[in-house]
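A structural walkthrough
Listed below, chain by chain, are the residues.
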Amino acid sequence: MCGIVGWLDWDDDLSSQHAILQKMAQAIQHRGPDEEGYWLSPRAAIAHRRLIVIDPEGGKQPMIYREGDQTCVLSFNGEIYNYLELRRQLEMLGHSFQTNSDTEVLLHAFLEWREECVRHLNGIFAFAIWDEKNHRLFLARDHLGVKPLFYCQRGSSFLFGSELKALLAHPKVKPEVEADGLADIIGLGPARTPGFGIFRNVNEVRAGHCVTVTKDQIRTRPYWKLESKVHTDDLDTTTEKIRALLQDTVKRQLISDLPLVSMLSGGLDSSGLVALAAEELRKKGQTLQTYSVDFVDNDQHFEEGLLHISLDAPWAKSVSEHVQTRHQEITFNAQDLITHFHMPLRARDLPGLGETDTSLYLFCREMKKKATVSLSGESADEVFNGYPWFQKEKFLNSGKFPWMEHDGWSSFLNEEAIEKIRPQEYLRRRYEEGIAEVHPLEGETALEAQQRKMSYLFITRFLPLLLDRKDRMSMYTGFEVRVPYCDYRLVEYLWNVPWKVKNIDQIEKGLLRRAFKGYLPQEVLYRNKSAYPMTYHPEYYHAILDHMKQILANPNSPLLPLIKKSVIQFVLDGKAPMNLAQSTKLIEYLVQINMWLEEYKISFR
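Definitions and cut-offs
- Residues numbered from 1 in each chain as written.
- Predicted model: local features only at pLDDT ≥ 70, side-chain atom pairs only at ≥ 80, totals over all residues.
- Heavy atoms only, no water.
- Helix = DSSP H or I, 4+ residues; strand = E, 2+ residues; numbered from the N terminus.
- Rg over C-alpha atoms; globule rule 2.2 N^0.38 Å.
- Buried < 20%, exposed > 50% of the residue type's maximum accessible area, 1.4 Å probe, protein only.
- Contact = heavy atoms within 4.5 Å.
- Lys, Arg positive; Asp, Glu negative; His and termini not counted.
- Charge placed at Lys NZ, Arg CZ, Asp CG, Glu CD.
- Pairing = 2+ DSSP bridges.
- Axes fitted to C-alpha atoms, helices over the stretch in contact; angles between N-to-C directions.
- Salt bridge = Lys/Arg side-chain N within 4 Å of Asp/Glu carboxyl O.
- Phe/Tyr/Trp six-rings, centres within 6.5 Å; stacked < 30°, edge-to-face > 60°.
- Parallel < 35°, antiparallel > 145°, perpendicular 65-115°, else oblique.
- Left-handed = near helix turned anticlockwise from the far one by under 90°.
- Nonpolar A, V, L, I, M, F, W, Y, C, P; charged D, E, K, R; others polar.
- Polar contact = N/O pair within 3.5 Å; in protein donor to acceptor, adjacent residues only side chain to side chain.

Observations concerning the overall build of the protein chain
Counting its secondary structure elements, the protein chain contains 24 helices and 19 strands. The C-alpha radius of gyration computed for the protein chain amounts to 24 Å, which stays within 12% of the reference 25 Å derived for 605 residues, consistent with globular compactness. Viewed in the frame of its principal axes, the protein chain has a C-alpha envelope of about 75 × 60 × 50 Å. The burial tally for the protein chain puts 62% of its 605 residues in the buried class. Taking the contacts inside the protein chain whose residues are at least 6 apart along the sequence as the reference set, 73% of them involve residues at least 24 apart. Charge separation in the protein chain, taken as the distance between the mean sites of 73 positive and 82 negative side-chain charges, equals 1 Å.

Below is the structure:
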């Protein structure tokens with residue numbers, strides 16, 4: 001994993017602009033703490049920050065290919081999991097290799113297939129390839145959007161980078177936000193609209209898309225999308241295909257020249273991956289190291305909810321003993337979360353998920369002390385339709401994003417802000433855009449059609465929030481996380497498996513449970529879903545509420561011109577119809593918005 005940065009200019013000579021390029025790259029130094037590299041020409045300047053995972057000596061970047069009058073320069077963030085097969089295929093086509101890196105394989109794939117190279121890749125990636133002869137830039141992002149990539153045009157300059165902070169480090173990019181940007185933050189947040197970069201005229205390469213940039217145009221196109229087809233496999237065949245895909249995916253994702261571990265919550269998703277990984281490593285005489293996260297006094301303060309059914313610790317221990325891993329539980333207290341509350345914002349460049357971001361950042365920081373790579377169970381609930389929302393008609397037919405239990409944070413806005421931002425109109429527009437992208441399947445019942453729409457929204461609107469969280473919190477510590485359930489082959493196949501099959505045996509993700517039979521203890525195999533853990537400690541809750549009180553008391557707080565103080569005070573006084581945990585979650589996000597406006601010196605246009 002790494003960080004990439006680049007700058008094209010069609011008028012000015014960039015050959016001597018190393019200082020600005022270096023400033024952009026240093027803004028994402030955390031993504032690549034091991035090495036840096038630069039390449040500059042009159043029209044293009046490209047930089048790379050490297051986190052060494054595969055081929056320490058041979059994978060240096062930017063990687064340059066020269067032959068005759070042709071020069072191609074690659075800066076790549078991610079992993080190509082099928083690079084060994086691709087290498088053999090390319091060798092048969094006449095290519096020769098100087099390194100053992102997947103980076104060189106990616107570069108030669110581009111030389112062979114040009115922009116169609118993305119159709120040959122299995123991995124998590126965001127990369128840029130500059131064709132010096134033709135003055136053409138090619139950007140691409142992986143199928144599910146595991147790795148981030150942003151870009152913008154400023155006059156004759158075109159800029160791109162792994163994170164928003166890399167663009168903001170360039171003098172031509174200002175932290176300006178228009179009405180839609182603020183509506184995305186307040187109405188839709190912490191989820192975001194695919195392809196929308198929040199800041200004025202900043203875009204994100206969408207998952208499964210590529211962008212070609214020349215002097216005359218910026219052309220964006222999808223290279224992969226979910227296609228609706230009739231599922232013809234019977235239950236046993238479907239189960240076996242799922243099992244085989246997961247076995248192959250995990251085997252591919254265990255390749256690393258640096259120490260690799262796995263996260264283990266004791267839930268179905270991570271436990272199944274751990275079982276497969278442990279089995280594969282045992283064949284090599286190795287033992288998998290696993291980690292789980294918990295919070296001080298959670299056993300005393302735990303409150304059961306829709307997504308949190310039980311504490312993880314006993315379940316993680318049971319799985320570790322069953323599949324024979326070396327397991328370690330990392331525990332944080334409320335003060336740890338309070339002290340590091342600001343870190344996720346700096347990692348994301350945008351408000352996020354609050355203390356669940358903070359604890360993940362701290363969790364990755366601890367794992368980084370012993371390893372460089374980890375497996376994680378993100379996306380199983382999205383692709384297997386495991387959330388409780390899929391089973392409740394009121395969510396299926398709500399006409400809005402099902403995970404939004406309230407109408408964003410717009411109820412806290414004052415009349416002037418509502419008039420300018422129009423968050424509810426914005427929310428409806430973004431919802432309808434998402435629904436319009438769904439490819440219906442002829443012959444589906446009305447219920448099946450609604451379930452397909454919900455599945456699409458979760459994969460394309462909700463999952464990116466979780467993938468972004470996992471990427472930013474891990475990479476902010478120089479730590480790589482791999483997500484096997486995001487293998488596009490698995491997602492493609494499951495897209496057309498009916499919900500009733502995924503939910504076989506009248507339990508969420510029943511199909512996945514069948515696929516993991518024989519790998520896990522029976523009680524773990526049928527454990528009900530419980531989401532990533534959170535703290536329930538009153539000390540944390542009161543600290544966040546106190547922070548908001550300080551914001552309200554400071555006349556210079558940038559949040560104040562947007563909100564109704566009386567409504568927030570009503571929540572702080574405990575008069576709203578919600579418990580302490582619920583009110584804290586609402587206030588927590590507003591505190592982050594204030595911090596974002598302040599630290600990033602946001603201006604409105």
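Considerations on the sheet that holds strand E11 (residues 202–204)
In sheet architecture, strand pairing relies on hydrogen bonds along the backbone and comes in two forms, parallel and antiparallel. The antiparallel open sheet is built from 6 strands, whose spatial order is E2-E3-E1-E9-E8-E11. Of all the strands in the sheet, the pair left with one neighbour each is strand E2 (35–40) and E11. Across this sheet, the average inter-strand angle for adjacent strands is 15 degrees, counted without regard to direction. In this structure, E2 lies alongside strand E3 (residues 44–50), joined through 6 bridges in antiparallel fashion. For glutamate 36, the partnering residue across the bridge sits in E3 and is arginine 49. Helix-sheet contacts for helix H1 (residues 18–26) involve strand E1 (2–9), E2, E3 and strand E9 (157–161), and the interaxial angle to E2 is about 145 degrees.

Notes on the pattern of salt bridges
Taken as a whole, this structure holds 53 salt bridges when the rule is applied. Residue glutamate 115 pairs with arginine 219 through a salt bridge whose shortest N-O separation is 3.0 Å. Remark: arginine 219 occurs in strand E13 (residues 218–222) and glutamate 115 occurs in the loop between helix H3 (102–113) and strand E6 (123–131); sequence separation between them is 104 residues. The exposure class of arginine 219 is partly exposed, given its relative accessible area of 32%. Of the charged contacts in the structure, one is a salt bridge between arginine 221 and glutamate 116, with a shortest N-O distance of 3.5 Å. Taken together, the residues arginine 221 in strand E13 and glutamate 116 in the loop between H3 and E6 connect sequence positions 105 residues apart.

Describing the packing of aromatic side chains
Applying the stated rule across the entire model yields 23 aromatic pairs. Both rings, one in phenylalanine 125 and one in phenylalanine 127, keep their centres 5.8 Å apart while their planes meet at 40 degrees; by these two values the pair is tilted. Taken individually, phenylalanine 125 and phenylalanine 127 each receive the classification buried, so the pair is uniform in this respect. Ring centres of tyrosine 456 and tryptophan 495 lie 6.0 Å apart, and the angle between their planes is 65 degrees; on these two criteria the pair is classed as edge-to-face. One end of the pair, tyrosine 456, is in helix H17 (residues 446–475); the other, tryptophan 495, is in helix H18 (residues 488–495), and 39 residues separate them in sequence. Across the pair, tryptophan 495 and tyrosine 456 agree in class, each one buried.

Re the packing of helix H2 (residues 83–92) against H3
The description of two helices packed together rests on the angle between their axes and the distance between the axes. Orientation of H2 relative to H3, taken along the N-to-C sense of each, is 45 degrees, at an axis distance of 10 Å. Viewed along their axes, H2 and H3 adopt a mutual orientation that is oblique. Judged by the sense of rotation from one axis to the other, the crossing of H2 with H3 is left-handed. Touching Tyr83, Leu86, Arg87, Gln89 and Leu90 of H2 are Asp102, Val105, His108, Ala109, Glu112 and Trp113, all from H3. Looking at the contact of H2 with H3 residue by residue, the class counts come to 6 nonpolar, 2 polar and 3 charged.

Here's the deal with unusual backbone geometry
A cis amide bond links glutamine 61 with the next residue in sequence, proline 62, at an omega value of -5 degrees. For proline 62, the position within the fold is in the loop between E3 and strand E4 (63–67). Proline 190 follows glycine 189 through a cis peptide bond whose omega is 5 degrees. Along the polypeptide, proline 190 turns up in the loop between helix H5 (179–188) and E11. Phi is positive for isoleucine 198, close to 70 degrees, though the residue is something other than glycine. Located in the positive-phi region is aspartate 349, a residue other than glycine, with phi close to 70 degrees. The residue aspartate 349 is located in the loop between helix H11 (343–348) and helix H12 (355–367) in this model. Using a relative accessible area of 0% as the deciding quantity, one classes aspartate 349 as buried.

Here we look at the sheet that holds strand E15 (residues 289–295)
With parallel pairing, 5 strands are arranged side by side in an open sheet as E16-E15-E14-E17-E18. The sheet terminates laterally at strand E16 (326–332) and strand E18 (480–482), the two strands that pair on one side only. Neighbouring strand axes in the sheet, compared pairwise and without regard to direction, differ in orientation by 30 degrees on average. Sheet analysis places strand E17 (residues 373–375) next to E18, joined by 3 bridges and oriented parallel. Note that in E18 the partner of leucine 375 across the bridge is arginine 482.

A short note on the environment of glutamate 163
Secondary-structure assignment places glutamate 163 in the loop between E9 and helix H4 (164–168). Once the C-alpha coordinates of glutamate 163 and alanine 277 are considered, the two residues, 114 residues apart in sequence, prove to be 31 Å apart. Setting aside residues up to four positions removed in sequence, glutamate 163 forms contacts with Ile28, His30, Arg31, Phe150, Ala347, Asp349 and Arg472. At 3.2 Å, the side chain of glutamate 163 and the side chain of histidine 30 are in polar contact.

A word on the environment of lysine 60
Among the structural elements, lysine 60 can be located in the loop between E3 and E4. For the pair lysine 60 and isoleucine 504, spaced 444 residues apart in sequence, the C-alpha separation works out to 48 Å. A distance of 2.7 Å separates a polar atom in the side chain of lysine 60 from a polar atom in the side chain of glutamate 35.

As for the pairing of E6
Counting buried positions along E6 gives 9 out of 9 residues, so the element sits mostly inside the fold. As defined by bridge partners, strand E5 (residues 70–80) adjoins E6 across 9 bridges and the pair is classed as antiparallel. By the bridge assignment for E6, glutamate 79 is matched with isoleucine 124. Bridging between E6 and strand E7 (residues 136–141) involves 6 bridges; their strand directions are antiparallel. Residue alanine 126 lies in a different strand from E7, and its bridge partner there is arginine 141. Counting the residues that bridge the hairpin from E6 to E7 gives 4 residues, and of these histidine 135 lies at a positive phi of roughly 50 degrees.

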